[in-house]
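So you can see what is in the structure, the chains are spelled out below.
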Amino acid sequence: MSASPDRTTSHQTTSHQTNSHRTTSHGTRTALVTGANKGIGRAIAEGLAERGMTVLIGARDPGLGEKAAASLREAGHDARAVALDVSDPAAVEAAARAIAASPGRLDVLVNNAGISGGALHLPDEADMDAVRRVFDTNLFGVMRVTNAMLPLLRRAPAARIVNISSGTSSMAAMTDPGHYFWDVPGSAAYPASKAALNMLTIQYAKRLRQEGILVNAAAPGACATDFAVDFTRASGRTITRTAAQGAAVAIRLATLDGDGPTGGFFDDDGPVPW
């Protein structure tokens, strides 16, 4: 059962895609993707660039960010690196100032940066400091970045915010004996942080819907990236899904038309049960 202000089906989500990412009277649209130097974030950045957007590659390591941006430029896209550690308030504010100076506004924010925290973090054995680090990046980092970038998003005619969540955040799936998550060991870190992110997504959607800023969460699925190592170990599953496949739902949500959903949680097949 969804608590989203405007939940929709997979068909509706696709049908609400728009061509507003193309050059308009306001100029080419600009997207910031955090954690975009590799993995799903890199694939999201590439997909948005292919749709004509100027893409800002947010990365903790400026060198790796510039390497990713240069690769996109070599492919004919408009991209640049932005030094951005979502766990560092000063770095977030510096990134916002840099973007305010040029290009001066944001049309899309994709909060992709996240950490697994490494080990399983069984609830009764978890290292509290490690759990705090996971929440600081996956939840509070999203708040830091979103709040810092909101003045820039409000300058855009139809801004979109996409928070990269996870299927592991679905309480419905975790408590379903028929779902493979049922047998995955319990963790007090990553799944809990993403469940909290889902609720935060709803709250931002409630706050911003009157301004026409659509805010949604995306579940990209387990993809064959460096990030998936811990999940692979915990679940025993072989992962073949590519980063580009995982990025597709985020790209759709980033390019929704004005009557698209807000406050929802989606994967390739449509709404994900909370």
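Definitions and cut-offs
Residues numbered from 1 in each chain as written. Predicted model: local features only at pLDDT ≥ 70, side-chain atom pairs only at ≥ 80, totals over all residues. Heavy atoms only, no water. Core = buried A, V, L, I, M, F, W, Y, C linked by side-chain atoms within 4.5 Å. Buried < 20%, exposed > 50% of the residue type's maximum accessible area, 1.4 Å probe, protein only. Helix = DSSP H or I, 4+ residues; strand = E, 2+ residues; numbered from the N terminus. Contact = heavy atoms within 4.5 Å. Phe/Tyr/Trp six-rings, centres within 6.5 Å; stacked < 30°, edge-to-face > 60°. Polar contact = N/O pair within 3.5 Å; in protein donor to acceptor, adjacent residues only side chain to side chain. Pairing = 2+ DSSP bridges. Right-handed = clockwise from strand over helix to strand, strands pointing away. Expected span 1.5 Å × (residues − 1). Salt bridge = Lys/Arg side-chain N within 4 Å of Asp/Glu carboxyl O.

J.: Explain the nonpolar core to me, please; I cannot follow it from the model alone.
T.: Looking at soluble globular proteins, one finds that nonpolar side chains tend to be buried together. Within the largest apolar cluster, 35 residues are counted, with the highest numbers of intra-cluster contacts made by Leu32, Leu106, Met149, Leu153 and Ile161. With 11 residues, the single largest contributor to this core is helix H5 (residues 128-153). Leaving out residues up to four positions away in the same chain, Leu106 has contacts with Thr30, Ala31, Leu32, Leu56, Ile99, Met149, Leu152, Leu153, Ala156 and Ala159. Grouped together as the second largest cluster of nonpolar side chains are 31 residues, Val108, Ala247, Ala250 and Leu256 included.

J.: Explain the packing of aromatic side chains to me, please; I cannot follow it from the model alone.
T.: To describe a pair of aromatic rings, you give the distance between the ring centres and the angle between the ring planes. For the structure on display, the rule yields two aromatic pairs. Here the aromatic rings of Tyr180 and Phe181 are separated by 4.8 Å at their centres, their planes lie at 70°, and the arrangement is edge-to-face. Assessed through its relative accessible area of 6%, Phe181 is described here as buried. Ring centres 5.6 Å apart and planes at 25° place the aromatic pair Phe265 and Trp274 in the stacked group. This pair shows no difference in class: Phe265 is buried, exactly as Trp274 is.

J.: Would you take a moment to explain the side chain of Lys194 for this structure?
T.: With respect to the helices and strands, Lys194 occurs in helix H7 (residues 190-208). Within polar-contact distance, the side chain of Lys194 engages the backbone oxygen of Ile164 at 2.7 Å. In contact with Lys194, not counting residues within four places along its chain, are Asn138, Ile164, Ser165, Ser166 and Ser169.

J.: Explain the pairing of strand E3 (residues 79-83) here, please?
T.: Looking along a regular strand, one sees the side chains alternate between the two faces of the sheet. In the sheet, strand E2 (residues 54-59) pairs with E3 via five bridges, with the strands oriented parallel. Bridged to Ile57 within E3 is Ala81. Following the chain from E2 across helix H3 (residues 62-74) to the adjacent parallel E3, one finds a crossover that is right-handed.

J.: Please clarify how helix H9 (residues 243-254) should be interpreted in this entry.
T.: Residues spaced three or four apart along an α-helix face the same direction, because each turn holds 3.6 residues. Helix length check: H9 (12 residues) gives 17 Å between terminal C-alpha atoms against 16 Å at 1.5 Å per residue, within 8%. Along H9, nine of the 12 residues are buried, which leaves the element largely enclosed by surrounding structure. Within the sequence span of H9, burial applies to Ala243, Gly246, Ala247, Val249, Ala250, Ile251, Arg252, Leu253 and Ala254.

J.: What is the right way to look at the pairing of E2 in this model?
T.: Judged by how many residues are buried, E2 sits mostly within the fold: six of six residues are covered. The alternating pattern of E2 places Thr54, Leu56 and Gly58 and Val55, Ile57 and Ala59 on opposite faces, both of which are buried. Direction of pairing for strand E1 (residues 30-33) relative to E2: parallel, over a ladder of four bridges. Bridging across to E2, Val33 finds its partner in Ile57. In this view, the connection linking E1 to its parallel neighbour E2 by way of helix H2 (residues 39-50) has right-handed handedness.

J.: Could you clarify how one ought to interpret the pattern of salt bridges in this entry?
T.: Note that side chains of opposite charge can pair when their charged atoms are close. As enumerated under the stated definition, the model contains six salt bridges in all. In this structure, Asp107 and Arg105 form a salt bridge, with 3.0 Å as the shortest nitrogen-oxygen distance. Arg105 shares its class with Asp107; the two are buried. The partner of Arg154 in a salt bridge is Glu211, with the nearest N and O atoms 2.8 Å apart. You can see Arg154 sitting in the loop between H5 and strand E5 (160-164) and its partner Glu211 sitting in the loop between H7 and strand E6 (214-218), a full 57 residues away along the chain. Given the relative accessible area of 40%, Arg154 is considered partly exposed. Under the relative-accessibility criterion, Glu211 is labelled partly exposed at 41%. The structure contains a network of salt bridges with shared partners spanning Arg29, Arg105 and Asp107.

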